[in-house]
Amino acid sequence: MPDQENKPRGYSIKKSPSGLVQMIVTERQYTPRTREEAIALAKGCADAMTPEEDAALVKAALDDPDTVLVTEEFTKGRPGRPLSAITKIPVSIRLSPEVLDHFRSGGRGWQGRIDEALRKFMQHETGLGQPDTASRRKKRA
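Everything numeric here is computed off the predicted structure, so don't read it as measured data.

J.: How do you make sense of the pattern of salt bridges when you look at a structure like this?
T.: Side chains that carry opposite charge are capable of pairing whenever their charged atoms lie near each other. Considering all chains together, one arrives at three salt bridges under this definition. Across the pair Lys88 and Asp115 runs a salt bridge, and its minimum N-O distance is 3.4 Å. In this pair, Lys88 sits in the loop between α3 (72–75) and α4 (97–104) while Asp115 sits in helix α5 (residues 110–126), placing the two residues 27 residues apart along the sequence. A salt bridge links Arg119 to Asp115; the nearest nitrogen and oxygen atoms lie 3.6 Å apart. With a gap of four residues between them, Arg119 and Asp115 both fall in helix α5, about one helical turn apart. Within the structure, one salt-bridge network assembled from shared partners comprises Lys88, Asp115 and Arg119.

Right under this line is the structure:
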């Protein structure tokens, strides 16, 4: 093995006449890159990898107990609260302080409790089960 000093990898390997092999780690200068440059560099490294090296890396990653496989389950949807099957329309409404205090005293979910009370009242008034969704979406005049 010939002397391999000043390699751009950040290390060099020397073999002494006695047969001792030394790996010398050299300090590398950090070069900030744009996202596009980093992606191009990563793709270049991936393209230069042999199938054997790729298989060894995949095997090591799969054998690692801390590895989490990224599947479609992780990539679907948006972050945050999941969307409800029944979408609600945000509105501004004026309520008396007593009514508001009553519903808020129940803790979290007070807006949902107001919605449920209004829904029960509406069903009682109309004698119907579920309200027509088209009528719920009418725009204000």
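From this point, the discussion proceeds with the structure in view.
J.: Which parts of the structure should I look at to understand a nonpolar patch on the surface?
T.: Residues Ile89, Val91, Ile93, Leu95 and Val99 make up a contiguous nonpolar surface patch of roughly 450 Å² in combined accessible area. Examined against the element boundaries, Ile89 turns out to sit in the loop between α3 and α4.

J.: For this particular structure, what's the right way to read α5?
T.: The α-helix advances 3.6 residues per turn, and as a result positions three or four apart in sequence lie on the same side. The end-to-end C-alpha distance of α5, which contains 17 residues, comes to 24 Å, matching closely the 24 Å that a straight helix rising 1.5 Å per residue would cover. Just beyond α5, the residue with positive phi is Gly127, at close to 75 degrees.

The rules we used
Residues numbered from 1 in each chain as written. Predicted model: local features only at pLDDT ≥ 70, side-chain atom pairs only at ≥ 80, totals over all residues. Heavy atoms only, no water. Salt bridge = Lys/Arg side-chain N within 4 Å of Asp/Glu carboxyl O. Helix = DSSP H or I, 4+ residues; strand = E, 2+ residues; numbered from the N terminus. Patch = residues over 30% accessible without salt bridge, like charges linked within 9 Å, V, L, I, M, F, W, Y side chains within 5 Å. Areas by Shrake-Rupley, 256 points an atom, 1.4 Å probe, with all protein chains shown as cover. Expected span 1.5 Å × (residues − 1).

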